[in-house]
Amino acid sequence: MKTQPSTDRIIIFDTTLRDGEQCPGATLNVDEKLAIARQLARLGVDVIEAGFAYASPGDFEAVQKIAQAVGTEDGPVICSLARAIRADISAAAEALKPAAKGRIHTFISTSDIHLEYQLRKTRAEVLAIAEEMVGYAKSFVTDVEFSPMDAARSDPEYLYQVLERAIAAGATTVNIPDTVGYMTPCEFGGLIKGIKDHVPNIDQAIISVHGHNDLGLAVANFLEAVKNGARQLECTINGIGERAGNASLEELVMALHVRRQYFNPFVGRPVASEAPLTNIDTRQIYKTSRLVSNLTGMLVQPNKAIVGANAFAHESGIHQDGVLKNKLTYEIMDAQSIGLTDNQIVLGKHSGRHAFGARLKELGFELSETEVNKAFLKFKDLADKKKEISDWDLEAIVNDEIQQAPEIFRLELVQVSCGSNARPTATITLISPTGEELTDAAIGTGPVDAIYKAINRVVNVPNQLIEYSVQSVTAGIDAIGEVTIRLRYNDRMFSGHAANTDIIVASAQAYVNALNRLYAALQSSSFNNQPVVNQTTTISP
Ligand code: KIV
Ligand code: ZN
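Residues numbered from 1 in each chain as written. Chains lettered and ligands numbered in written order. Predicted model: local features only at pLDDT ≥ 70, side-chain atom pairs only at ≥ 80, totals over all residues. Heavy atoms only, no water.

## Quick notes on the coordination of the zinc ion (ligand 2)
Within the first shell, the zinc ion (ligand 2) binds the protein through D19 (OD), H210 (NE2) and H212 (NE2), at distances of 2.0 to 2.1 Å. Spacing between the donor residues of the zinc ion (ligand 2) along their common chain follows D-x190-H-x1-H. Judged by its relative accessible area of 5%, H210 falls in the buried class. Take H212: its relative accessible area is 6%, and that puts it in the buried class. (Donors = N, O, S within 2.8 Å, 3.2 Å for Na, K, Ca; no water. Buried < 20%, exposed > 50% of the residue type's maximum accessible area, 1.4 Å probe, protein only.)

## As for the sheet that holds strand β7 (residues 206-211)
Strand pairing in a sheet relies on backbone hydrogen bonds, with the paired strands running either antiparallel or parallel. The parallel closed barrel is built from eight strands, whose spatial order is β1-β2-β3-β4-β5-β6-β7-β8. For this sheet the average axis-to-axis angle between neighbouring strands, irrespective of direction, equals 25°. Inspection of the sheet shows strand β1 (residues 11-14) paired to strand β2 (residues 47-51) by two bridges, in the parallel sense. Bridge assignment links F13 to a residue of β2, and that residue is V47. (Pairing = 2+ DSSP bridges. Helix = DSSP H or I, 4+ residues; strand = E, 2+ residues; numbered from the N terminus. Axes fitted to C-alpha atoms, helices over the stretch in contact; angles between N-to-C directions.)

## A short note on the site of ligand 1
Around ligand 1 there are twelve residues in total, and R18, D19, T179, H210 and H212 lie nearest to it. In the model, an oxygen atom of ligand 1 is placed 3.1 Å from a nitrogen or oxygen of the H210 side chain. Considering ligand 1 on its own, with 260 Å² of exposed area, one finds that the protein chains cover 98% of that surface. Looking at the shell around ligand 1 residue by residue, the classes come out as four nonpolar, six polar and two charged. (Near = heavy atom within 4 Å. Polar contact = N/O pair within 3.5 Å; in protein donor to acceptor, adjacent residues only side chain to side chain. Areas by Shrake-Rupley, 256 points an atom, 1.4 Å probe, with all protein chains shown as cover. Nonpolar A, V, L, I, M, F, W, Y, C, P; charged D, E, K, R; others polar.)

## Brief notes about the pattern of salt bridges
What the rule picks out here adds up to 31 salt bridges. A salt bridge links E274 to R260, with the nearest nitrogen and oxygen atoms 2.5 Å apart. Note that E274 is positioned in the loop between α10 (260-263) and α11 (285-296) and R260 in helix α10, a separation of 14 residues in sequence. The exposure class assigned to R260 is buried, which follows from its relative accessible area of 16%. For R410, the salt bridge goes to E412, with nearest N and O atoms at 3.0 Å. Relative accessible area serves as the criterion here: at 44%, E412 is assigned to the partly exposed category. (Salt bridge = Lys/Arg side-chain N within 4 Å of Asp/Glu carboxyl O.)

## Some thoughts on the pairing of strand β6 (residues 173-178)
Of all the six residues making up β6, six are buried; the element is thus mostly covered by neighbouring parts of the structure. Handedness of the crossover joining strand β5 (residues 143-149) and β6 through helix α6 (residues 156-168): right-handed. In this structure, β6 lies alongside β7, joined through six bridges in parallel fashion. Across the sheet, residue P177 finds its bridge partner in β7, namely H210. Crossover β6 to β7 through helix α7 (residues 185-198) is right-handed. (Right-handed = clockwise from strand over helix to strand, strands pointing away.)

## Things to note about the sheet that holds strand β14 (residues 464-472)
Here we have three strands laid out as an open sheet, ordered β14-β15-β16, and antiparallel in their pairing. Strands with a single pairing partner mark the edges of an open sheet, and in this sheet they are β14 and β16 (492-500). Strand after strand, the sheet turns through a mean of 15° between neighbouring axes, direction not considered. Note: strand β15 (residues 481-489) against β16, nine bridges, orientation antiparallel. Within the sheet, the bridge partner assigned to R488 lies in β16 and is M493.

## Observations regarding the side chain of H497
Looking at the element boundaries, H497 is found in strand β16. A relative accessible area of 1% places H497 in the buried class. Side-chain polar atoms of H497 contact the side chain of T484, separated by 3.3 Å.

## Structural notes on the confidence of the model for the protein
In the predicted model, the protein carries a mean pLDDT of 89, and the fraction of residues at 70 or more is 93%. This model gives residues 528-539 a pLDDT under 50, and the stretch forms 22 contacts once residues within four places in sequence are excluded. (pLDDT = per-residue confidence, 0-100. Contact = heavy atoms within 4.5 Å.)

## Some words on the packing of helix α16 (residues 447-459) against helix α17 (residues 503-523)
Where α16 meets α17, the closest approach of the two axes is 10 Å, and the angle between their N-to-C directions is 35°. The chirality of how α16 crosses α17 is right-handed. Along its contact with α16, which presents P447, V448, I451, Y452, I455, N456 and V459, the element α17 presents I504, S507, A508, Y511, V512, L515 and Y519. A per-class count over the contact of α16 with α17 returns twelve nonpolar, two polar and no charged. (Left-handed = near helix turned anticlockwise from the far one by under 90°.)

## A short note on the packing of aromatic side chains
Throughout the structure, instances matching the rule amount to ten aromatic pairs. Ring geometry for Y262 versus F263: centroids 5.0 Å apart, planes at 80°, classification edge-to-face. Classification of Y262 by relative accessible area gives partly exposed; the value is 38%. Here the aromatic rings of Y452 and Y468 are separated by 6.4 Å at their centres, their planes lie at 70°, and the arrangement is edge-to-face. Pair noted here: Y452 is in helix α16 and Y468 is in strand β14, with a separation of 16 residues, a long-range link. (Phe/Tyr/Trp six-rings, centres within 6.5 Å; stacked < 30°, edge-to-face > 60°.)

And the structure:
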């Protein structure tokens with residue numbers, strides 16, 4: 001006898017590390033994935049889709065390590081994606097073994113267009129495969145999720161049949177993807193309602209939704225889906241993902257939080273219930289957003305809802321006047337509810353290691369002793385240049401520390417000369433992998449261009465700089481500048497990030513970080529055999 005899944009709470013399934021990581025340039029190494037997974041656990045997500053274990057050895061290792069380190073008894077469910085193919089499912093099962101709660105998420109397309117042109121299979125064949133592969137996944141784990149890919153463009157009658165068979169074979173969650181971001185809210189809500197009404201065994205599974213943002217409607221579609229019975233939302237931090245991205249976690253969670261009285265009745269709660277609709281600790285949202293942005297190199301647009309730099313800024317005089325008199329005049333939520341603190345000045349030159357470590361703990365960073373020691377050296381260095389160190393500075397230091405680009409070339413010296421009527425000239429020294437000191441100089445259109453040209457002369461890997469951005473962490477002339485860059489090599493993107501009070505140094509360091517990633521990829525055999533946009537292109541969903 002199957003138990004009825006609980007339905008009065010919304011399950012947050014985070015796919016930043018799988019679907020989010022699939023966007024060009026967002027590739028993360030295993031340590032960075034682990035750092036994000038740990039933060040997602042602190043954020044309180046119910047399920048972490050840690051990767052696609054079969055896609056590459058790196059993905060397998062990431063799923064396995066996350067399962068081991070984050071998939072504890074009281075931690076989130078750890079999930080791996082798998083095509084409806086035995087080898088994929090076996091790899092997912094193997095990688096998930098260390099998790100206390102592991103989930104296999106298997107998928108196959110159900111739309112006629114995918115069946116005809118991509119799978120070259122009949123509806124009957126796909127129906128049989130879905131049933132058989134869910135059963136196969138079930139032989140490894142009790143928690144199996146099934147996705148009919150491109151469900152939104154599939155014939156609903158056929159979709160109902162596939163879902164019924166998948167549930168009968170043991171799927172505990174059925175996920176309805178709008179793979180191409182085609183639907184409008186009313187249609188998507190109707191699709192979920194149709195599934196509830198026409199799939200006879202639907203009460204034995206949780207209905208989940210997954211959607212891309214091609215028309216900017218993913219979040220709206222999901223909220224309509226909740227009203228019609230969906231109880232799991234698949235989303236990513238900052239909405240990163242394939243093409244226009246996935247539904248954004250922070251927007252969904254805050255919509256359900258701020259408007260909980262509107263949504264309560266749809267999940268069977270009294271209108272006035274104050275109980276949160278998700279398990280998310282909203283005060284961790286901002287920090288998670290910053291971490292993902294820093295590690296992936298995917299900047300957050302300033303006007304992005306919830307986590308954009310302007311999301312809580314009031315520029316117009318009328319608004320400022322209102323907010324000063326009563327915040328509720330123009331604010332529907334409190335900046336502190338997403339963890340945006342009042343940028344407190346916390347530490348200074350004389351603060352010791354203990355105070356430093358204690359503040360990091362208060363901010364929710366769980367670092368090893370070695371990491372704290374390394375970050376402390378950076379803090380001391382910063383404190384020499386900047387009198388007062390705020391929480392945001394500490395966060396920049398730690399994020400910089402966590403971002404572990406492989407250290408192949410090490411930046412030893414950067415020096416520039418520039419100004420009006422001067423030709424921007426840079427001299428750099430890098431230490432090579434063999435310990436050799438390599439110095440070169442170049443002239444550029446500006447100081448950063450000159451530095452990058454000088455570095456290129458040493459590293460000698462042709463690449464194209466796609467994006468360069470510098471942002472200050474706090475206000476003030478002595479603020480830390482964070483530089484994020486993305487470069488392209490053979491259609492593949494690499495990101496680099498660095499923070500320093502000297503933006504010239506940060507620019508050089510960010511570039512060396514990105515080149516180190518590129519260099520490491522060139523040395524790995526999988527890159528040479530697979531000159532692709534991202535590691536999973538050949539088999540990615
Ligand atoms: O967009 C999609 O359809 C997917 C599935 C694998 C769920 O990512
Ligand atoms: Zn997707």
